[in-house]
Amino acid sequence: MEQEPRWERQLIEKLAGAALLEQKRTRQWKTFFRLAWLLLIGTLLTMFFWQDEQDGGKLGGKHTAVVSLEGVIDSDSNASGRLLEGLEHAYNDRNTKGIIIRANSPGGSPVLSGIANDEIRRLKKLHPAISLHVVVEEVCASGCYYIAAAADRIHVDKASIIGSIGVVSDGFGFDKAIERLGIERRLTTAGSNKAMNDPFSPRDPQQQAIHQSLLDEIHQQFIAVVKQGAAAG
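Since the structure is predicted, the reported quantities are computational estimates derived from the model, not experimental observations.

## Section: the overall build of the protein
1) Next: From N to C terminus, the protein includes six helices and five strands.
2) Next: For the protein, the succession of helices and strands along the chain, N to C, is α-β-α-β-α-β-α-β-β-α-α.
3) Next: In the protein, which comprises 233 residues, the share counted as buried stands at 26%.
4) Next: Counting contacts in the protein only where the partners sit at least 6 residues apart, residues at least 24 apart contribute 68% of the total.

Next up, the structure:
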């Protein structure tokens with residue numbers, strides 16, 4: 001078999017070596033660029049999370065929290081409970097710079113409203129740097145205003161219904177109706193006022209006076225809360 005000339009073999013070896021060297025260099029550059037990209041991405045992520053931590057540790061940084069008070073304030077709707085839960089989260093968030101209560105409620109239970117008012121005042125004492133404002137949409141009356149009185153400011157629209165600083169207790173009386181129908185009311189109690197305001201019994205003046213005194217006491221509490229809020233503002 002005729003052998004290849006020596007110069008041709010040397011040329012092939014040089015070309016093959018050059019090709020291998022080029023492939024090696026290409027792999028090295030690819031590795032370099034990959035490492036460079038990883039380093040760049042890592043640096044950007046580090047700067048992002050560091051800045052995020054400087055802003056308070058949460059996305060979005062400082063903000064004003066908005067909590068809603070909507071609907072009738074009673075145990076069924078749990079409107080006051082949801083309000084207090086939202087306020088608790090807002091006050092505990094270190095990014096919160098201010099809080100707005102967006103109010104739209106005709107009121108409701110004086111007990112639940114009083115609890116909410118007391119709790120708001122407690123939270124404000126714990127977080128004096130966070131301002132609390134109430135912004136009224138359509139209505140903020142009765143128990144809603146009782147709660148709003150604890151805020152630093154109350155903002156309303158010119159058409160909003162505000163106030164109703166009073167206490168109401170309503171019901172029906174059916175004693176004359178059952179008398180006409182020939183129905184006998186049979187009621188047994190232990191305690192002179194146990195059946196106070198029973199709708200099927202005639203009104204008792206003494207019990208009515210007790211009932212009125214309870215309403216008057218709650219009314220004075222309401223007035224005191226509003227005065228306290230006005231003085232603080």
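## Digging into the packing of helix α2 (residues 79-92) against helix α3 (residues 110-126)
1) Next: Viewed as axis vectors pointing N to C, α2 and α3 meet at an angle of 5°, and their least axial separation amounts to 10 Å. The orientation of α2 with respect to α3, classified from their angle, is roughly parallel. Along the contact surface, α2 presents S80, L84, L87, E88 and Y91, while α3 presents L112, A116, E119, I120, R122, L123 and K124.
2) Next: Tallied by class, residues from the contact of α2 with α3 come to seven nonpolar, one polar and four charged.

## Looking at the nonpolar core
1) Next: Of all hydrophobic cores here, the largest spans 32 residues; its most connected members are L69, L87, I99, I101, I120 and L132.
2) Next: Sorting the residues of this core by element identifies β1 (63-70), α2, β2 (96-105), α3, β3 (131-141), α4 (143-148) and α6 (205-232) as the ones contributing at least two each.
3) Next: Counting residues per element, this core draws most heavily on α2, at six residues.
4) Next: In this structure L132 touches L87, Y91, I99, I101, I120, K124, A151, D152 and R153, once residues within four positions along its chain are discounted.

## Some remarks on the pattern of salt bridges
1) Next: Applying the stated criterion to the full structure yields five salt bridges.
2) Next: Across the pair E88 and R122 runs a salt bridge whose closest N-O atoms are separated by 3.9 Å. One end of the pair, E88, is in helix α2; the other, R122, is in helix α3, with 34 residues separating them in the sequence.
3) Next: Connected through salt bridges with shared partners, the residues E88, E119 and R122 form a single ionic network.

## Remarks on the environment of R94
1) Next: With respect to the helices, strands and loops of the structure, R94 is situated in the loop between α2 and β2.
2) Next: Along the primary structure R94 and H63 are separated by 31 residues, whereas in three dimensions their C-alpha atoms are 9.7 Å apart.

## Examining a nonpolar patch on the surface
1) Next: On the surface, I154, V156 and I162 cluster together into a nonpolar patch covering about 210 Å² of accessible area.
2) Next: When you line up the elements, V156 lands in the loop between β4 (153-155) and β5 (161-163).

Reading guide: rules and limits
- Residues numbered from 1 in each chain as written.
- Predicted model: local features only at pLDDT ≥ 70, side-chain atom pairs only at ≥ 80, totals over all residues.
- Heavy atoms only, no water.
- Helix = DSSP H or I, 4+ residues; strand = E, 2+ residues; numbered from the N terminus.
- Buried < 20%, exposed > 50% of the residue type's maximum accessible area, 1.4 Å probe, protein only.
- Contact = heavy atoms within 4.5 Å.
- Axes fitted to C-alpha atoms, helices over the stretch in contact; angles between N-to-C directions.
- Parallel < 35°, antiparallel > 145°, perpendicular 65-115°, else oblique.
- Nonpolar A, V, L, I, M, F, W, Y, C, P; charged D, E, K, R; others polar.
- Core = buried A, V, L, I, M, F, W, Y, C linked by side-chain atoms within 4.5 Å.
- Salt bridge = Lys/Arg side-chain N within 4 Å of Asp/Glu carboxyl O.
- Patch = residues over 30% accessible without salt bridge, like charges linked within 9 Å, V, L, I, M, F, W, Y side chains within 5 Å.
- Areas by Shrake-Rupley, 256 points an atom, 1.4 Å probe, with all protein chains shown as cover.

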